[in-house]
Amino acid sequence: TVLANFDAAETLRLIQEESVTIVWLVPTMAALLLQVPGIDTCDLTSLRAIGFVGSMLPAAIREQAMARLCPHIYEGYGLQETGFLTISNPEDRLRAPDSVGRPLLFSDVRVVNPNGERVAVGEIGEIIGRTPNCITEYFQSPAKNAEVFRDGWFHTGDLGCFDADGYLYICGRVKDLIISGGQNIHSSEIEATLMGFAGVADCAVVGLPHEVWGEVVTAVIVTVGDTTPTTEQVQDFCRATLSSFKVPRIVRFQSDPLPRTATGKVQKFLLVERYRSAN
């Protein structure tokens, strides 16, 4: 059976009836599975592993997936152009739960500053990689090739850092960096926090243009259920764990899904176009 379009209830039915053993999901798919009524009565014992790809895996979704879907979680980091650069297995999940694991055999991964120099452990920079699986160029795209292929390394456009044990942590996208009042704000950190708030099915954080602050942190939230939280409730929830300058100043709620690419990445430029007049 092939599902042309993801349907959470149908996916659960297929796992049960076909005794599916391994599934690969983007985090949003897991969030939708967890919201299916009666999921806790489903027989998912055939599942031996769930693999996550496509975007950052928020802790709230990860913990619920391990408790209610399958305890054995794998997470891969890489691009279509590179293949997997790192893998986090269940053992890694115990040692470094928020990481995407360590580089695979034959994969070199570095975190560098804008000058291409390696940064210190714990410092955030751009992730670059090289692997035998990596493409050598984009077809008839010299400008794109010059942008991402430099000195034998593929520049991913992702932000991350290494810990002292060599585990890689994803911190967001270079283009998703919000600069508000001179502060550098990583939208992924706020998104991971918001996914732990009851009633949030999906979310994206963008920077909208602001004449004073440069950009203003804006959360776009897809709600679930009959009750929509208030802006104040969302902000209070964020203040409990985030610095004040990271708390969304604008919160917009919508019932329709976030615009995504075929690989599950949110098309944030469409959200900016839609909500840019909100400030």
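Provided above is the structure to which this section pertains.
Quick caveat, the model's predicted, so the values are computed rather than measured.

Enquirer: Any chance you could explain the pairing of strand β4 (residues 83-88) here in plain terms?
Expert: Put simply, side chains in a regular strand alternate between the two faces of the sheet. Two elements, strand β3 (residues 73-79) and β4, share 5 bridges in a ladder whose sense is antiparallel. Looking across to β4, one finds that glycine 78 is bridged to phenylalanine 84. Hairpin remark: β3 followed by β4, antiparallel, with 3 residues in the connecting loop. When β4 meets strand β5 (residues 102-103), the two strands line up antiparallel, connected through 2 bridges. Note on β5: the bridge partner recorded for isoleucine 87 is arginine 102.

Enquirer: How should I be thinking about the packing of helix α2 (residues 27-34) against helix α3 (residues 59-68) in this particular structure?
Expert: Two numbers describe a pair of packed helices, the interaxial angle and the distance between the axes. Packing of α2 against α3 leaves a shortest axis separation of 10 Å and a crossing angle of 55°. As judged from the angle between their axes, α2 and α3 are oblique. As for how α2 packs across α3, the hand of that crossing is left-handed. Counting all contacts with α2, which are made through Pro27, Ala30, Ala31 and Leu34, the residues of α3 involved are Ile61, Gln64, Ala65 and Arg68. In terms of residue class, the contact of α2 with α3 is built from 6 nonpolar, 1 polar and 1 charged.

Enquirer: So what exactly am I meant to see when it comes to the side chain of serine 99 here?
Expert: Summarising the element assignment, serine 99 is placed in the loop between α4 (90-95) and β5. Side-chain polar atoms of serine 99 contact the backbone nitrogen of glycine 101, separated by 3.1 Å. Among all residues touching serine 99, those that are not within four sequence positions of it are Glu75, Ser88, Arg93, Tyr167, Leu168 and Tyr169.

Calculation notes
Residues numbered from 1 in each chain as written. Predicted model: local features only at pLDDT ≥ 70, side-chain atom pairs only at ≥ 80, totals over all residues. Heavy atoms only, no water. Pairing = 2+ DSSP bridges. Helix = DSSP H or I, 4+ residues; strand = E, 2+ residues; numbered from the N terminus. Axes fitted to C-alpha atoms, helices over the stretch in contact; angles between N-to-C directions. Parallel < 35°, antiparallel > 145°, perpendicular 65-115°, else oblique. Left-handed = near helix turned anticlockwise from the far one by under 90°. Contact = heavy atoms within 4.5 Å. Nonpolar A, V, L, I, M, F, W, Y, C, P; charged D, E, K, R; others polar. Polar contact = N/O pair within 3.5 Å; in protein donor to acceptor, adjacent residues only side chain to side chain.

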